[in-house]
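Spelled out, the chains give:
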Amino acid sequence: MSPKSDTCPTCDDLNNKILATKDNEEKYQEYEVEKELHLRKAEKGQKNIQMQTVQAKNDSKYHVITFDLQQALPTPKISTRPAFYKRKLWTYNLGTHNCGIGVGHSYVWNEIGEKRIRGNSKLLEKSILMTFMETLLVAISDNCCGENKNWNMIFFCLWVISGRFKRIEQFPVPGDTMLPNDRDFAIVERYVRWQVQCVYSPDEWICVLQLSAKSNPFKVVQIQQSDFISTTELNLFLQRNTVNKNKESIQLRNCASMVFQESEPFTVTFYEHTAGEIQCAQK
Ligand SMILES: [Zn+2]
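Residues numbered from 1 in each chain as written. Predicted model: local features only at pLDDT ≥ 70, side-chain atom pairs only at ≥ 80, totals over all residues.

1. Quick look at the packing of helix α4 (residues 180-195) against helix α5 (residues 202-212)
For step 1, the next point in the chain: Across the interface, α4 lies against α5 with an axial gap of 9 Å and an inter-helix angle of 110°. Taken together, the axis directions place α4 and α5 in an arrangement best described as roughly perpendicular. For the pair α4 and α5, contact is made by I187, V188, Y191 and V192 and by V208, L209 and S212, respectively.
For step 2, the next point in the chain: Classifying every residue of the contact of α4 with α5 gives six nonpolar, one polar and no charged. (Axes fitted to C-alpha atoms, helices over the stretch in contact; angles between N-to-C directions. Helix = DSSP H or I, 4+ residues; strand = E, 2+ residues; numbered from the N terminus. Parallel < 35°, antiparallel > 145°, perpendicular 65-115°, else oblique. Contact = placed C-beta atoms within 7 Å. Nonpolar A, V, L, I, M, F, W, Y, C, P; charged D, E, K, R; others polar.)

Shown next, in the form of structure tokens:
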């Protein structure tokens, strides 16, 4: 696997800055260095996925998942002629790749009857997570603060670890890093491009996902509204704390990994740019 060839927002931003500061050597150098650093982090993310996958293959108590939300799937989808619909119905696929056994899981839901289910900041109770017990879980996702690096996700990890995992390590990786999910999504997209004429209902998307990977089919799970966990209660119960034990402030966006341990149910440890440990005390 190599890093993605298409650019991420950070790369786009830095490329623009580099172009705009061609006449200012000092600034130009500064942005060049920043870009180099950013790309090295993506490479590090790639190596981390490979290393973790090897570990997961060799140890049955060590689980590695990567997860990402596929671009929303529209219905109706008509490929033969241009069609205008006032309102499309969207189906969502949260891809979760189990790296140890190399199987992609699709958790699928749609907008019918539920307007508030959005994004992958909520992982799902029906999910793969419930099949791992007493284990170490490594969860790798895109480094997007809105989707994956936020308080809802932290509270969810603190909640899910209890009685189920010894330790959860979460690695948000830069946008350039190719997740196994990207390969899974590409398989679906290729199948849709060549084999699927039209999709008229969300249920048909389930079939498309089931049929798209021939040799190693995706495990497709349909998600109902009742399968979602509301993070509202967790927000009521736990305090958002942005200072560590030494009262130094912690910036979520700077963290490169987070560690949750069953033995310390209210503590999350952040690593890299601003290493530190914070307590999410009960309110
Ligand atoms: Zn980038």
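2. Points about the pairing of strand β7 (residues 165-173)
For step 1, the next point in the chain: Across the nine residues of β7, seven count as buried, placing the element largely inside the fold.
For step 2, the next point in the chain: Here strand β6 (residues 135-142) runs beside β7; their pairing, made up of eight bridges, is parallel. In the sheet register, V138 faces β7, and the bridge partner there is E169.
For step 3, the next point in the chain: After leaving β6, the chain enters helix α3 (residues 151-161) and then returns to the sheet as β7, a path that is right-handed. (Buried ≥ 20, exposed ≤ 12 C-beta atoms within 10 Å, placed from the backbone. Pairing = 2+ DSSP bridges. Right-handed = clockwise from strand over helix to strand, strands pointing away.)

3. A few points about α3
For step 1, the next point in the chain: All of the buried residues in α3 are M153, I154, F155, F156, C157, L158 and V160.
For step 2, the next point in the chain: Phi turns positive, to about 75°, at G163, one or two residues after α3.

4. Focus on the nonpolar core
For step 1, the next point in the chain: V108, A139, I140, I154 and C157 are the most contacted members of the largest nonpolar core, which has 44 residues in total.
For step 2, the next point in the chain: With seven residues, α3 is the largest single contributor of residues to this core.
For step 3, the next point in the chain: Non-local contacts of I154, meaning those with residues more than four positions away in its chain, are made with M258 and V268. (Core = buried A, V, L, I, M, F, W, Y, C linked by C-beta atoms within 7 Å.)

Everything listed here is a matter of coordinates, which is why it stays silent on function.
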